[in-house]
Structures are given as C-alpha cells and as structure tokens.
Amino acid sequence: MSERLQQNNAIRNIAIIAHVDHGKTTLVDAMFRQSGLFRDNQDVDERVMDSMDLERERGITIAAKNCSVVWQDVKINIIDTPGHADFGGEVERALSMADGALLLVDASEGPLPQTRFVLEKTLAAGLTVIVVINKIDRKDARPEEILDKVYDLFIDLDASEEQLDFPYLYAIGRDGVAQKTPEEKGQNLHPLLDLIITAVPAPFFDPQAPFQMLVSDLGYSDYLGRLAIGRVANGKARHKDSLVCIGAGESHRPLKVSRLQTYSGVTLQEVETAEPGDIIVLSGIEEVQIGDTIATRDKPMALPRISVDEPTVSMRFTINASPLAGREGKLVQSSKIRERLVKETLRNVAIQMEETESRDVFLVKGRGEFQMAILIETMRREGFELTVGRPEVIYKYKDGERLEPIEHLYIDCDEAFMGIVTEKLSARKGQMANMINHGSGRVRLEFTIPARALIGYRDEFLTDTKGTGILNTYFEGYDSYRGDFPSRFTGSIVSDRQGQAVAYALFNLEPRGQLFIAPGDPVYEGMVFGEHNRANDINANPCKEKKLSNMRASGRDENVILSPVKPMTLERAIHFIREDEMVEVTPRSIRLRKAVLSAQGRYRQRPRD
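Read on for an overview of the structure. Quantities reported herein were computed from a predicted structural model and do not represent experimental measurements. (Residues numbered from 1 in each chain as written. Predicted model: local features only at pLDDT ≥ 70, side-chain atom pairs only at ≥ 80, totals over all residues. Heavy atoms only, no water.)

Here's the deal with the pairing of strand β27 (residues 431-437)
Rules: Strand pairing is defined by DSSP finding a minimum of two bridges between the two strands. Each helix is a run of DSSP H or I of at least 4 residues and each strand a run of E of at least 2, with the numbering of both proceeding from the N terminus.
As paired strands, β27 and strand β28 (residues 442-450) are joined by six bridges and run antiparallel to one another. The residue bridging N434 from the neighbouring strand is E446, located in β28.

Put into structure tokens, the structure is as follows:
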C-alpha cells in the first residue's frame, strides 16, 4: 500500500499553533500581504482572520479557520487554530487537515501552558513542526534562551528524533520579517514561506483509491445550506458528483455535490474538481457531522473519526423565567434554545448537550468555563434570553473512588504577592509543584489544583496581584478528590420586592457590601443586587424612598453620592454565583438571581439544624 502512495507537490497544508497573544493572527496578515494576495494600494483590515466580533474585541482566536496563499506556484493552505485549552476541540479538528505545523513562541515569554497543550496534540498527530521565535524586537527578548526552552519542551513531550530536529526562524510578525539568526536584518517573510515549502511534506494520497474526505469542520450558508469542510484524503471530487456520507455506526446517507469550493486567500472560490490533499468545502448535504467521511457510492470506505478529549465542566442552561423575561430578547422559548445548542454541538466537537427531566433545562458540557462564557456571549448577541447556573466539574468514579479533573497551574507574579497567592491556593486544595526565583523581582510558581478551585479565582488573583500577575493552566488529568473548601466567603444582598432602584436606598445599603446596580435599574424579588460583607445572605429593599415629612420635601436634603458601580461582565457573574444562584442573560443585561425567587420559598428550603 505504502509503495504506491504519491504526493501532490502543488499543495502544502499547515496549521499555525501558539499560546494566546503570541502574534499568530498578525503573522498570517503579513503572509497574506507578501504573497501578493492583496494589491499594494488595497485597504485591508488588521487581523483579517479574526472574523468574529468576539475575537476582535478580546484579541484571541476562538474558532479554527482556513485560508490560503500561493507561493512559488504552490498553494499553502493555512489553518489558524485557537491558543486556549478551552477550545481544544477546535485544535484537534484543525490538526486533522494539516501535514505540518508552525509553532509560534514569544521571544520574551517563551513556551507557556497553552503552547504545551497545542504542541502535545501536534506531536501526537506526527506532524512536522517549524518553530518561529516571534517578537524578537521586544526590549526584554531573549531568543536564544527561548529556543533552548522550546527544545526542553519537545523533550518533555517525548518528541521523536525527527521531530526534535526541527527547523527554526526568528521573526517580527508585526513588521512582516523573518530571519535565520537574531542578529541579521530580515527584509520580508520569504525565508518563512520558502521553509514551509521545503520542510512541510506535500500531502500523500493513493492514486488508485476512490474519493475520500474526512469532515473536519462545518459551515452554514443561507443560499447553500449546510457546508462540509475537510481535506481530500484520496481521489478527486467533481461538481455534481453523486457521493455518500458515512456517519457514526457506518450509517450511509446519499448526497449530490451542489457546489464545490476551495480557499483562495480568506474567501471561497468555486471550482469544478478538487485535487487530493486540498481543503475543500462541499454543499449538498444537510445531515452531516464532524468526523463523518464523504466517499463514492460504488466504493464507500470510512476514514478514522476525529477523537477529542472528554469535557470536564458542565452548566445548566434554561429559559429566562424572571419577572423581566421577554423584554430585551427576541428568542426566549426553550425550543429555540435547544435548537441553538444542538447546532453548536454539530459545529463544535468539544461541546455536548444532554436533555434533563425538565423540558426547559439543558445540561451543556465543555472544556472549561471560558468556553461556556464564549458560547453564552455569542447566544446573547444573537438575541437569546436565557438563564445559566454555576459551572460544575464532571466527576468520574473508579473502583468506588471519586476522581476529579486536576489542572496544572502556572503563575508569574511579583515576589511581594507570593504569600497571598500561595495562601489562597492552599486554601483551595492547591499543591505547589515548583517555584523558580531568578532574583529579578518576579517569581514563577507551579501548582496542581482541582479544576473547581479555579472557578471564580481568576478575578480574585488579579485583585491580589494588583493586575500584574499572569495565570495560565492546562488540563493534567483526573486524580483523587481533594476534599471540600468554601467557594465564596461572602453572602449576597437580595432584593425583597419588584421595582426600580432608588439612590437613597442604595446609599444606605452601601455599608453592607459592594452593589452591582445603579439608581433606576429594574429589580425583582430574588434578584441579587450586591455582595454582602459577611458570609450570610440578606434580603433588602433597594426601592425605598425618603419619605415626605411636615418639615421638608422628600427630594430635598443632602446630596446622595454613590460609589461607582463596576459593570457586571458575563465571566464575573459566572464566577461569582453560588450553587443556589443563577445568571440571567439578555442581549442588553446581565443580572444575578436566586434559583428560587420568593424569600418564603428560600426560607422553606434552607437546611434545618
């Protein structure tokens, strides 16, 4: 079989992998410009590959995306992958289409946990890796030292002899420059584009095998319907071909190719035939899932399905049942929420959805609370109103013992904050694995810690380190349950009635804790509108007005000046809530509430001594 394999030298497929904010998307921009994709005078947005609003706002890659450039008559398909472990399902999908990978590492920060996560997947897939040390123009850049750290990481991840002998370049992605040594002055990215063509193997295919394509991604077009995206493993596909889709359990569904497209730059171009090794977009099939194989009808042969890591976090999604429901969103029904979540599971292999005993409640499982927050944020922007519960880790049981997901936590902070960070993490059952102090004023700490301990800790960490600390994690695996610990040491200030918040009432409640609402904001019974200084919850009236007396009018007297309210973000809300609380999410508002709204109902449910 291997003797008759051939290579398609006109194509290279390469995935770009990196930690968050190491300059991946900026480098792709420069590759577009220098490969002649854009005219010299063409007005082009920065970060072309960040197509989602959320990606542009946060400066991160969330969804794996494809594009292509042509260099020396060779088409280079570039697959942009996320750098965050919560979007690991996107990384696994992207790597299934690639023959090589471009590992981008910051010349100052070096390989970070997410670099380790994506590189581990790449080496396991047996891909050729090209290392690019980026941002060598930084004042604190240490390119040679970082290259040594990359070698150490490869050895640590059990890279093979061939993988350890990786080619490398130094780059300034923002300026579109790549060079062989840190000292020389690079002119352009030509050395990188040349290296991709020489180092990354051309895709192999069997010339005698029938057409096969593994579906690695899904898209949707209002005109064409469902789109199946993947790499042609063997054979050729033609426009209007009659094919078959092989699903899970070897189920066969016929399809006719209504349109065949390939990537040209960041846009799609219609073609008549697709070559082996090329990444194509097929339309003409409605029921298709990631991992399916599309093959010929006369010789249907399935390819190995894409496997992804199991989810570690679950969240409950339900309808918005508050008194303010239906005022701000246009999609409020449970059937619409269910439909949207099913669509997400088809598009994102790392997310799973399960129905519960209640027809209005859905259990969504994923890699981390950040991935969940992105899904909820996307839904609210689409016009959904929904309520979500606190993220809960998914436990496993082995021989009667409870196992929980453990994260490997890396912290970089000033020496002065080491005490408070260690104290907080120890209380959350964290165990220190390593500490590095170079005497530069900053220390690097490593902990193994339960995944549930990190829910809600990130905001606290930034406060403790005065915003100067860096926190990164990667999933280490399941280990024995480490015991209980309090998730929050403060209680909630809960509204006891419906109405509008009044400045006079809020001013008098300020000594009780931190408030989340401003005068004029709507409230209802059971809504959490502040954080109590003490551990217990209190019911309060935020609508209380100053009463008129026979001496003065109610609007007169001293001017009330309230402390500014920190806007409630989705991540902050998810991290803040307890088990008996929920987050109400609408296109315009994020509110916290008790699961049971009536004070009487909560009183009945409280545990008796």
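So, next bit.
What to know about the packing of helix α10 (residues 418-427) against helix α12 (residues 457-464)
For clarity, the threshold we go by: Helix axes use the C-alpha atoms of the stretch in contact, all axes being lines fitted to C-alpha atoms, and the angles between their N-to-C directions lie in the range 0 to 180 degrees. Angular relationships are summarised with four words: roughly parallel below 35 degrees, roughly antiparallel beyond 145, roughly perpendicular across 65 to 115, and oblique for the angles in between. Here a crossing is taken to be left-handed if its near helix is turned anticlockwise relative to the far helix by less than a right angle, and right-handed if that turn runs clockwise. Two residues qualify as a contact provided that any one of their heavy atoms is within 4.5 Å of a heavy atom in the partner residue. Under the grouping applied here, Gly and all other residues not named as nonpolar or charged are polar, the nonpolar ones being Ala, Val, Leu, Ile, Met, Phe, Trp, Tyr, Cys and Pro and the charged ones Asp, Glu, Lys and Arg.
Their axes nearest at 10 Å, the elements α10 and α12 cross at an angle of 160°. Accordingly, the angle class assigned to the pair α10 and α12 is roughly antiparallel. Between α10 and α12 lies a crossing of right-handed hand. On α12, the residues touching I420, V421, K424 and L425 of α10 are Y457, E460, F461 and D464. Of the residues belonging to the contact of α10 with α12, the class tally is five nonpolar, no polar and three charged.

Things to note about the environment of S96
Note the threshold: Side-chain atoms alone can form a polar contact between residues adjacent in sequence; in general such a contact is a pair of N or O atoms within 3.5 Å, and within protein one must be able to donate a hydrogen while the other accepts it.
With respect to the helices, strands and loops of the structure, S96 is situated in the loop between α3 (88-95) and β5 (100-106). Excluding anything up to four places from it in sequence, S96 contacts L214, S216 and I306. There is a polar contact of 2.8 Å between the side chain of S96 and the side chain of S216.

Section: helix α5 (residues 143-156)
What sets the pattern is the α-helix's 3.6 residues per turn: residues three or four places apart point alike. Threshold: One less than the residue count of a helix, multiplied by 1.5 Å, gives the span that helix is expected to have. Using a 1.4 Å probe on the protein chains alone, a residue whose accessible area is under 20% of its type maximum counts as buried, one over 50% counts as exposed, and one in between counts as partly exposed. To obtain the arc, one takes the directions from the helix axis to the C-beta atoms.
An ideal rise of 1.5 Å per residue puts 20 Å on 14 residues; α5 measures up with 20 Å between its terminal C-alpha atoms. When we look at burial in α5, the residues that qualify are P143, I146, L147, V150, L153 and F154. Seen from one end, α5 has its buried residues packed into an arc of 115°, which puts them on one side. Exposed residues lying more than 90 degrees from the buried face of α5 are D152 and I155. Positive backbone phi, at 60°, marks D158, one or two positions downstream of α5.

Side note on the packing of aromatic side chains
Spelled out, the test is: For Phe, Tyr and Trp, rings pair up if their centres lie within 6.5 Å, where Trp contributes its six-membered ring, and each pair is then called stacked (planes under 30 degrees apart), edge-to-face (over 60) or tilted (otherwise).
What the rule picks out here adds up to seven aromatic pairs. Ring geometry for Y457 and F461: centres 6.0 Å apart, planes at 45°, overall tilted. Of this pair, Y457 and F461 both sit in helix α12, four residues apart, which is roughly one turn of the helix. We classify F461 as buried; its relative accessible area is 1%. Summarising the aromatic geometry, the rings of F516 and F576 are spaced 5.2 Å apart at their centres and angled 90° between planes, so their arrangement reads as edge-to-face. Of the two residues, F516 sits in the loop between β32 (513-515) and β33 (522-523) while F576 sits in helix α14 (residues 570-576), which places them 60 residues apart along the sequence. Comparing F516 with F576, the two get one shared label, buried. Every member of this aromatic cluster is reached through a ring pair, and the members are Y151, F154, F166, Y168 and Y170.

So, the pattern of salt bridges
To keep things clear, this is the line we draw: What makes a salt bridge here is a side-chain nitrogen of Lys or Arg within 4 Å of a carboxyl oxygen of Asp or Glu, nothing more.
Scanning the entire structure with this criterion turns up 31 salt bridges. As a salt-bridge pair, D99 and R231 come within 2.7 Å of each other at their nearest N and O atoms. Of the two residues, D99 is situated in the loop between α3 and β5 and R231 in strand β11 (residues 225-234); the sequence distance between them amounts to 132 residues. Given the relative accessible area of 17%, R231 is considered buried. K594 is the partner of D580 in a salt bridge, and the nearest nitrogen-oxygen pair spans 3.1 Å. Linking D580 in the loop between α14 and β36 (581-585) with K594 in strand β37 (residues 590-594), this pair joins segments that are 14 residues apart in sequence. Accessibility expressed as a relative area gives 37% for D580, which makes it partly exposed.

Quick notes on the nonpolar core
Condition: The criterion is simple. A nonpolar core is a set of buried Ala, Val, Leu, Ile, Met, Phe, Trp, Tyr and Cys residues joined through side-chain atoms within 4.5 Å.
Counting residues in each nonpolar core, the largest one holds 35 residues, and the members touching the most others are L103, L119, V131, I133, V150 and F154. Per-element tally for this core: the top contributor is α5, with five residues. Those residues in contact with L103 that lie beyond four places of it in its chain are I17, T115, L119, V129, I130, V131, V132, V150 and F154. Listed in part, the 30 residues of the second largest apolar core include M315, F317, I337 and I574.

Bear in mind that shape data such as this cannot, by itself, settle questions of function.
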